[in-house]
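# Survey of secondary and tertiary structure
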Amino acid sequence: MLSTGRVLLRQSATIPRLFLRAQSTNSLNKLELPFKYSNSGPSQVKYTKDHEWVSLHEDGTAFLGITKYAADALGDATYVELPETGREVEVEESVGSVESVKSASEVYMPLAGTVKEVNTALEESPQLINEDPLGKGWMVQFEYELEKSKAAIDGLYTLEQYEKFLKE
Amino acid sequence: MTAVAKTCLNAYGVAGTVLKRSPLLPNICYPQLKRRVSSKTPFDINDSDDKYKELNDYYRDLFTNDNVNTTLGATSKINIKTEIDLLNDELANLTDTAVPPHKLPLRSEDLQRVVETPGRFVIKSRSNDPYFNLALEHYIFKNTPLFEQSIFSSQRLLFYVNNKCAVIGKNQTIWQELYLNELNKRGYEVLRRLSGGGAVIHDLGNVNYSFLTSREEFRTTFFNQLIVQWLNKQGHIQDFELNGRGDILYKKMKCGGSAFKIARGKSYHHGTMLVNSDIDSFHGLLKPSGQKGVRWVSPSVDSVRAGVTNIPLGSTEQFIDICTDGFQKYFKSADSIPVYYCNDTVSTNSEIEKTRALLRSDKWKYCSGPKFKVELDSSHDVIEVEKGIVVSSTIPNIKGMDFQRLIDTGSNEAQLQCLKPLM
């Protein structure tokens, strides 16, 4: 099944976007760190119009990655650029990029925060971005301040809103 | 003489040629050319005013044929003109009409206005500075407006021709891709661009095209497919085609490369097209994938090596004209698609200069690629590098050193001779 998926990805340039959109499952993988970081899972999972997702945990920790839709549209990732740990990032600032066949696609922070960890597994295995973008393919773990970020969080899409945005 | 006849038709064609030979000239040429089209008198014509007497006399003399003495005077004045003035005079004499105002480079405020206003356009850069051109491209990309709820109608097409340079992709290792010493020796600039993809060599015979559209409409093969159609229409039916990687082939040989960038709902596809490049002289500048005596362990993005060829067009201008025409017809709407011109002195602003400085910086060029490990066969040494700095090595006392400086000094120090294969 996986190999079939990857063949499809390589040809994504010729596949109508609507098809990709209908195929996308953009919900968080419940078996991986971005979900399991808290015992009860994240308090919220939000999405951006630039196709990033962020899982927000109650202790002020968050995970960032790109959506299934974005990963499928990009095709096979060949390199994932990640930020330095400890870096303070402004809202909307670029924190890395995903390179697929000759395309560098920027990834932005939907909230302000401090980078705590990056997913070093992506250095060896950038294809995790394609295989499990909302789980094993998470990119950045960061700390955010709930009070300061409230407005920014409210401005992000819920899963339903994001899926609706994709269909528009 | 045919060259002169050709230049009569197009003043800027000449300016373009001059510009290629000496990057210093056009900056001084443009204001002069611009002045020619200005209808304003640069001074108040008033004979009683001594301040302008000399100038007025000079102009009167210039346009009065029957006064031999003053003609001499005028000649002496021409003699003290610089070579640049003479060139401009020559240009002015060759052309019956002055440079049309719409072909003058956009001033910084006009550039900002056209970029920020929704709509399609073509921009041709008259600069051959690769740093400026990449910075201009980034400025246009960043500032093109995007409205989520409406269909994207601000496709832009930019053309530029760079002086000799080697350009690597954003996520590449510069030492793995380029023979830096050789490039330096032969007078090439070395750049890391902001988009993905592999290493490529530019010279004045190579055109860079950059097609900007929305992320939504982004397809890697879209614009190259159009170029293939446009070129095949020029009488080389079927000679141009796309390969599986979306590269344009001429008679089965690669004639250019592509790279892409996606950010904030927008995308661009920029590509190179070899028109009359000195391809033979590119030899020995790009490193092959399997380098002798060295093993790179790195997530760095690969360059796909391929034999390349020029396409059979007379000039880079001709390629630009074919694509401009094709773009204007393909995206035809009620309003015609304008063509603007830029150069690196008039059409710049602080944002462009900031990117230009970043692209010029060693920090961006040498310290921003992926981390890597390199193994040297001769001595079995291993060096690990992150952000341009040696973080660990079997060679004593080099930890913490700047990798570029290490290679530079390595050539002189006996104990670092093992680094030779890295140069």
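Everything numeric in this text was worked out from a predicted model, so none of it was measured.

Looking only at helices and strands, one finds eight helices and nine strands in chain A. Scored against the burial criterion, the 168 residues of chain A give a buried share of 54%. Partitioning the intrachain contacts of chain A with sequence separation of at least 6 by distance along the chain shows that 60% fall at a separation of at least 24. In the structure as shown, chain A presents an accessible area of about 7,900 Å², 51% of it carried by carbon and sulfur atoms.

Moving on, we come to the environment of B:Glu109. Residues and elements named next belong to chain B. Residue placement: Glu 109 occurs in helix H7 (residues 108-116). Given a relative accessible area of 45%, Glu 109 falls into the partly exposed group. A C-alpha to C-alpha distance of 38 Å links Glu 109 and Leu 178, two positions 69 residues apart in sequence.

This paragraph deals with the interface of chain A and chain B. One widely used convention gives an interface's size as the accessible area the parts lose upon coming together. Taken together, the contacts link 27 residues of chain A with 28 residues of chain B. Summed over both partners, the interface of chain A with chain B buries about 2,500 Å², with 41% contributed by carbon and sulfur atoms. Close ionic contact of A:Glu106 with B:Lys170 constitutes a salt bridge, the shortest N to O distance being 3.2 Å. For the interface between chain A and chain B, the tally reads 15 residue pairs in polar contact (both at pLDDT 80 or more).

All names here are of chain A. One open sheet accounts for six strands, arranged S1-S2-S3-S9-S8-S5; its pairing is antiparallel. Because the sheet does not close on itself, it has two edges, and the strands there are strand S1 (44-47) and strand S5 (88-89). Here four bridges tie strand S8 (residues 113-118) to strand S9 (residues 140-143), and the two strands are oriented antiparallel to one another. Bridging from a neighbouring strand, Glu 117 pairs with Gln 141 of S9.

Moving on to the domain arrangement of chain B. Along its sequence, chain B is carved into domain 1 (101-289 + 305-361) and domain 2 (371-419). With centres defined by C-alpha atoms, the gap from domain 1 of chain B to domain 2 of chain B works out at 35 Å.

Residue and element names in this part refer to chain B. Of note, Asn 224 is situated in helix H11 (residues 222-232). Judged by relative accessible area, Asn 224 falls into the buried class, the value being 1%. Among all residues touching Asn 224, those that are not within four sequence positions of it are Tyr 209, Leu 242, Gly 246, Asp 247, Ile 248, Ser 258 and His 269.

What follows deals with the nonpolar core. In terms of nonpolar packing, the biggest core is built from 34 residues, with B:Trp175, B:Leu178, B:Ile383, B:Phe403, B:Leu419 and B:Leu422 touching the most fellow members. At the level of secondary structure, the elements contributing two or more residues to this core comprise strand S3 (165-168), helix H9 (174-177), helix H10 (180-185), strand S12 (294-297), strand S14 (372-376), strand S15 (381-386) and helix H15 (403-410) of chain B. Both domains that furnish three or more residues to this core are identified here as domain 1 (101-289 + 305-361) and domain 2 (371-419) of chain B. If we ignore the near neighbours within four places in the chain, the residues touching B:Leu422 are B:Trp175, B:Lys287, B:Val294, B:Trp296, B:Val374, B:Leu376, B:Ile383, B:Phe403 and B:Ile407. Core analysis: the next-biggest nonpolar cluster, separate from the first, contains 31 residues, A:Leu64, A:Ala70, A:Val80 and A:Val98 among them.

Moving on, we get to the UniProt feature "modified residue: N6-lipoyllysine" (unreviewed entry) in chain A. Mapped onto the present numbering, the UniProt feature "modified residue: N6-lipoyllysine" (unreviewed entry) falls on A:Lys102. Look at A:Lys102 and you get buried, because its relative accessible area is 9%. There is a polar contact of 3.3 Å between the side chain of A:Lys102 and the backbone oxygen of B:Arg245.

One pair of aromatic rings is described through two measures. These are the centre distance and the angle between the planes. This model, assessed by the stated rule, comprises 24 aromatic pairs over all chains. Here A:Phe63 and A:Trp138 contribute two aromatic rings whose centre-to-centre distance is 5.3 Å and whose plane-to-plane angle is 90 degrees, an arrangement assigned as edge-to-face. Of this pair, A:Phe63 sits in strand S3 (residues 61-66) while A:Trp138 is found in the loop between helix H6 (128-131) and S9, placing the two residues 75 residues apart along the sequence. The pair A:Phe63 / A:Trp138 is uniform in exposure class, with both members buried. With a centroid separation of 5.0 Å and 55 degrees between ring planes, the pair formed by B:Phe327 and B:Phe331 is classed as tilted.

It is worth spelling out the layout of surface pockets at this point. Taken as a whole, the largest pocket holds about 1,900 Å³ of empty space. Around the largest pocket, the lining comprises 50 residues; the ones closest to its centre are A:Glu81, A:Arg87, B:Lys170, B:Trp364 and B:Ser368. Considering each element in turn, the lining of the largest pocket owes the most residues, four residues, to helix H13 (residues 350-360) of chain B. For the lining of the largest pocket, a count of residues per class yields 19 nonpolar, ten polar and 21 charged. Here the lining of the largest pocket gathers at least three residues from each of two domains, domain 1 (101-289 + 305-361) and domain 2 (371-419) of chain B.

We now examine the pairing of S3(A). All names here are of chain A. With respect to burial, S3 is a largely interior element, six of its six residues being buried. Burial along S3 is two-sided: the residues Thr 61, Phe 63 and Gly 65 and Ala 62, Leu 64 and Ile 66 are all buried. Across five bridges, strand S2 (residues 52-56) lies against S3 in antiparallel orientation. Its bridge partner lying in S3, Val 54 is registered against Leu 64. Taking the residues that link successive antiparallel strands as the turn, the S2-S3 hairpin has four residues, and the phi of Gly 60 there is positive, at about 90 degrees. Sheet topology places S3 next to S9; four bridges connect them, and they run antiparallel. Note on S9: the bridge partner recorded for Ala 62 is Phe 142.

Thresholds, definitions, all that
Numbers given to residues run from 1 along each chain, matching the order in which its sequence is written. The order in which chains are written sets their letters, starting at A; the order in which ligands are written sets their numbers, starting at 1. Whole-chain, interface and lining totals are the exception, using all residues; otherwise, since this is a predicted model, local features are given only for residues with pLDDT of at least 70 and side-chain atom pairs are given and counted only at 80 or more. To get the side-chain values, take all heavy atoms of the structure and skip hydrogens and water. Runs of H or I in DSSP of at least four residues are treated as helices and runs of E of at least two as strands, each being numbered from the N terminus. Three exposure classes are used, based on accessible area relative to the maximum for each residue type with a 1.4 Å probe and protein chains only: buried under 20%, partly exposed in between, and exposed over 50%. Residue contacts are counted whenever heavy atoms from the two residues lie within 4.5 Å of one another. Surface exposure here means Shrake-Rupley accessible area, sampled with a 1.4 Å probe, where a residue is shielded only by the protein chains that are shown. When two components associate, each loses some accessible surface as probed by a 1.4 Å sphere; the sum of these losses over both components is called the buried area. Criterion for a salt bridge: a side-chain nitrogen of Lys or Arg within 4 Å of a carboxyl oxygen of Asp or Glu. Polar contact criterion, stated in full: a pair of N or O atoms within 3.5 Å, where within protein one must be able to donate a hydrogen and the other to accept it, and residues adjacent in sequence count only if both atoms are side-chain atoms. Strand pairing is defined by DSSP finding a minimum of two bridges between the two strands. The split into domains, and so the bounds of each, comes from an automatic or database assignment of domains. Residue types Ala, Val, Leu, Ile, Met, Phe, Trp, Tyr and Cys, when buried and joined through side-chain atoms within 4.5 Å, form a set referred to as a nonpolar core. UniProt positions are given in the numbering used here, feature names are shortened, and annotations may be inferred rather than shown by experiment. Centre distance within 6.5 Å is the pairing criterion for rings of Phe, Tyr and Trp, where only the six-membered ring of Trp is used; planes under 30 degrees apart are then read as stacked, over 60 as edge-to-face, and the remainder as tilted. Lining residues are defined by having an atom within 4 Å of a point belonging to a cavity or pocket. Those points lie on a 1 Å grid over the protein atoms alone, cavities being sets where a 1.4 Å probe fits but cannot get out and pockets being open sets with protein on both sides within 12 Å along at least five of seven lines. Grid points are joined across faces, edges and corners, and a volume is the space filled by probe spheres set on the points. Any residue outside Ala, Val, Leu, Ile, Met, Phe, Trp, Tyr, Cys, Pro, Asp, Glu, Lys and Arg is labelled polar, Gly included; the first ten of those are nonpolar and the last four are charged.

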